[in-house]
Amino acid sequence: MGLLGQNILGSDFSFELEIRIGAGAFVCGEETALINSIEGKRGEPRQKPPFPFQSGLWGCPTIINNVETLANICAIINRGAEWFSSFGVGRSKGTKVFALAGDIVNSGIIEIPMGISMREIIYDIGGGMKDGKRFKSVQSGGPSGGCLTEEHLDVSVDYESLAAAGAIIGSGGLIAMDENTCMVDTARYFMEFIQDESCGHCVPCRIGTKRMLEMLQRMTNGEGDVEDIDNLQTLANTVSDTAMCALGQTAPNPVLTTLKYFRDEYVAHVRDKRCPAHVCAALKEYSIEAEKCKGCGMCAKACPAGAISGEKAQPHVIDKTACIKCGSCKNVCRFDAVYLT
Amino acid sequence: MIELTINGKKVSAPEGSTIMEAAKLAGISIPHLCHCPGIHTNGSCRICVVEIEGMKKLMASCIVKAQDGMVVHTSTERVRMARKIIYDLLISNHPRDCTFCSRNQSCELQQLGGTLGILETHIHGEQSPVRVDISPSITRDTKKCILCRRCVTACHEVQGVGAIFGQNRGFNTVIAPAMAMPLEKVDCAMCGQCTVVCPTGALTETDGMDRVWDALNDPTKRVVVQVAPAVRAALGEEFHMEPGVTVTGKMATALHDLGFDDVFDTNYGADLTIMEEGTELLQRLTAALNGGKAVLPMITSCSPGWIKHCEHAYPYQLPHLSSCKSPHTMLGAVIKSYYANKIGVDPKDMFVVSVMPCTAKKYEIQRPEMQNGGNYNVDAVLTTRELARMIRTMGIDFVNLEDGEFDAPLGFSTGAADIFGVTGGVMEAALRTVYELVTGRPLPGHNLHLMPIVGLDKIKTADITFENVKPEYSFLEGVTAKIAVTSGLKNADVLMDEVKAGTSPYTFIEVMGCPSGCINGGGQPRIKNNVPNYKELRLEALYNEDEGKQLRKSHENPDIIALYNEFLGEPCGHLSHELLHTTYTPRGHFNEYFQEHMQKEYATVMAGMYGEE
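Student: Could you give an account of the nonpolar core, with specific residues and numbers?
Tutor: Judged by nonpolar contacts, the single largest core of 103 residues is most densely connected at Leu235, Phe260 and Trp306 of chain B. Looking at this core element by element, the count peaks at 8 residues for helix H10 (residues 327-343) of chain B. Those residues in contact with Phe260 of chain B that sit more than four places away from it in its chain are Val212, Leu216, Val223, Val225, Leu255 and Val353 of chain B. In terms of nonpolar packing, the next biggest core, distinct from the first, is built from 43 residues, Ile207, Leu213 and Cys280 of chain A together with Leu116 of chain B among them.

Here is the structure:
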């Protein structure tokens, strides 16, 4: 069509487009790390300021946009800026694409006008939680986004409102979690990802995310202390306050928001050595309710560790020291006598 | 000038100052770790963070520029706690072996703990993967590395070599050559500039002291030591003396006290180098001007880091290198032949130690080329830092030592030899001799100095015109030799790219591998931030040594004249070639690959470029 290259549409305007393919590191979503990567350097961020528009690719002023932003340009040119601005709210104009996932009926890529509520996204678009379970939390903005609660379901989904709640729009990831989710384990899961993706340049991110992960691992393994909660909070605040780039500054978001909104779960893990959602294997305890147990022996047969004993037709018991917490007994019990604590 | 407020004080600072620099002007010092003035600023440690009003996050004061009207707080509770936690994080991934670390009492991480008032640590956890890589010159111990990247900057930006960089990601990040290969296998020049900037014990010279102690304690060994010119201009710094104070006499006394049987001076080797290299230059010029074959420009070969870099980066330009060995290997060869003969000792029973400002020389002495009659010319190399450690270990009160002398007959030198330790010195020393040999008159210029090549500029050039020459050099009448002097491998590359392209206008080029020459070598005392002009001070020290001597031209050294009369015959003669000259090995970027796959092609290409030999 002659829309690119020399003398576009017969004019004296020429424009070359060159596409570079990166190797796919998470940190290269940070604009200065992306610049380094394009320059053939290691994908590590640079200190800002100077911002890319001042000194970017090969020291030249550089504008960096996401694909979604560039894709919007087409619609804006075709239909006009006013049309685009008719969607959205406040300073967050237009539409936004999210990747909706998690324990939800309809998952997939969605495009919404900015400013609708989280409730509309999860229940109207997402069809609500799977298997009729109760909604517990939604994490917004990718691995370094914050985890929000039921109270936030009516928060308007826009840049300002989400930031005020401790979450971000970020990469547009939305993960809905149901009542069977352990929030400490969720924080551990995201920290595991982030610490692996840290570029290793600055100390708070390189060592700080690793140490936060280790603290969370101790907690989910039942080895945490009560002081660990405060230590984790302090460390998370420091990493967020001092890391060089957005990756490190936002890395503690899942920790900070779960500490804020689900602190009782942390306390249960470290003080009571209990995982309220029964997710953390090390903190699960299987028991048999004597009143319900008919003594059929199915569980003892199913137990791979030989941890269950009892006379026929008499209530059985689980030897807690031998139990490997596999859950086989619970699965085979027809009388719902095996319960988790 | 801009005006800002730091900790409630109004501060004026020049435009472009960082917050850290502006604070310093106001007498406020901000603790820092990775920042290294004159080398790099990359904000990786985050120790220097400060609070800036209007900014959400803490900012690295070593990078962020001060701006008009900025309000900065450098030591609020928020900042103080952040620094403590960052330090705690660093220590949580660092070995607690301070008491037996080579950087004990000189470690910047250790000192920072004192500055921050750290009395306990709270954070513990797994340690990053560890790798210890011992090359002939440099030992890398990644468990002590704090990833400040100073070494990376020294290797890439200062030296232009780029042998090491961050590998892997996150907590597994290590500074290493590509694919975690050992240093010895890559195109590292062994210059040791990384060891000078390393704040901890992660990068050090490979230990040479053990073998020297063993030799000193072995009654069957005649242990001979020699000291390079630049050592005397910096050794005092290791004993808290001011930079620029020469300690030649104290050093000679200390070496005797350490138990060396003979204390010789590499300066003697430098005078000898001038005789050989000056003669080689004249031979090449003679050939070139009389229609013969000659490879010009000729390039100096005193610096083994430079030689190794040239072998890797410019394998097709090796004939440009002077065939002279470096001064200390020349002297080693003379000690194990001429001197051994004189005192009736079998060279096999001699142990020659060189004290050098250099790490590359540790590698150089192991090159197969550096031996004669089955004996290595030099058996061990100590850096300036290692000599200081030996002196301290022996309980020698260095600062209060009486001045001693070097021993005869290989301890006397001219002023020309002293300036070998600084960029421009070898060239000036060579020209003092060559010019006088050709014209019969001393080198013109201020007090024998060729002023355009004195100083620390990256590339210095001058023209020397030979006029009213002696009859035997009539072909040089009116000839102008263009000369160039450079130091630091990145700067050398600029001149070498011209040589490679065939556009170099020069006749003679001096290259020293380390920036500013041996005074700033990879084995010298580590830089002190409070004396930013330490290089200038060390330079002055060497020029003062030169000017303080009666004899200042190598060819006037009576002991050099005696050596030629009694033993060598003539410069570049048969025996000289055997003992004092060497050959080079083309390596390419990947040494082993080059040796295996490119040798055949290499010979053909070289024959095409330089003619059949």
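There is more to say, and it comes next.
Student: I'd like a description of the packing of aromatic side chains, backed by residues and values.
Tutor: On inspection of all chains with the given rule, the structure shows 14 aromatic pairs over all chains. Relative to Phe398 of chain B, the ring of Phe239 of chain B lies with its centre 4.5 Å away and its plane at 20 degrees, an arrangement referred to as stacked. Taken together, the residues Phe239 of chain B in the loop between strand E11 (222-227) and helix H7 (248-258) and Phe398 of chain B in the loop between helix H12 (384-393) and helix H13 (415-418) connect sequence positions 159 residues apart. One exposure class covers both Phe239 of chain B and Phe398 of chain B, and it is buried. Among the aromatic residues, those joined into a cluster by ring pairs are Trp83, Phe84 and Phe87 of chain A. Taking NZ or CZ as reference, Arg392 of chain B lies 5.7 Å from the ring centre of Phe239 of chain B, over its face.

Student: Break down the domain arrangement of chain B for me, with residues and values.
Tutor: Interface size is commonly expressed as the accessible surface area that is lost when the partners come together. All names here are of chain B. Per the domain assignment, the segments of chain B are domain 1 (2-92), domain 2 (98-119 + 127-206), domain 3 (222-580) and domain 4 (588-613). Distance between the C-alpha centres of domain 2 and domain 3: 29 Å. Facing the 25 residues of domain 2 at the interface are 25 residues of domain 3. In total, domain 2 and domain 3 occlude about 2,000 Å² of area from one another, counting both sides; carbon and sulfur atoms represent 49% of this. The three residues of domain 2 that bury the most area against domain 3 are Gln159, Val196 and Glu205, which together make up 29% of that side's buried surface. Joining domain 2 to domain 3, the criterion identifies 1 salt bridge. The partner of Glu205 in a salt bridge is Arg385, with the nearest N and O atoms 3.0 Å apart. At the surface where domain 2 touches domain 3, the tally comes to 18 residue pairs in polar contact (both at pLDDT 80 or more). Residue assignment for the side of domain 2 that touches domain 3 shows that the elements contributing at least two residues are helix H4 (150-158), helix H5 (193-197) and strand E10 (203-205).

What counts and what doesn't
Residues numbered from 1 in each chain as written. Chains lettered and ligands numbered in written order. Predicted model: local features only at pLDDT ≥ 70, side-chain atom pairs only at ≥ 80, totals over all residues. Heavy atoms only, no water. Core = buried A, V, L, I, M, F, W, Y, C linked by side-chain atoms within 4.5 Å. Buried < 20%, exposed > 50% of the residue type's maximum accessible area, 1.4 Å probe, protein only. Helix = DSSP H or I, 4+ residues; strand = E, 2+ residues; numbered from the N terminus. Contact = heavy atoms within 4.5 Å. Phe/Tyr/Trp six-rings, centres within 6.5 Å; stacked < 30°, edge-to-face > 60°. Lys NZ or Arg CZ within 6 Å of the ring centre and 35° of its normal. Domains from an automatic or database assignment. Buried area = accessible area lost by both parts, 1.4 Å probe. Salt bridge = Lys/Arg side-chain N within 4 Å of Asp/Glu carboxyl O. Polar contact = N/O pair within 3.5 Å; in protein donor to acceptor, adjacent residues only side chain to side chain.

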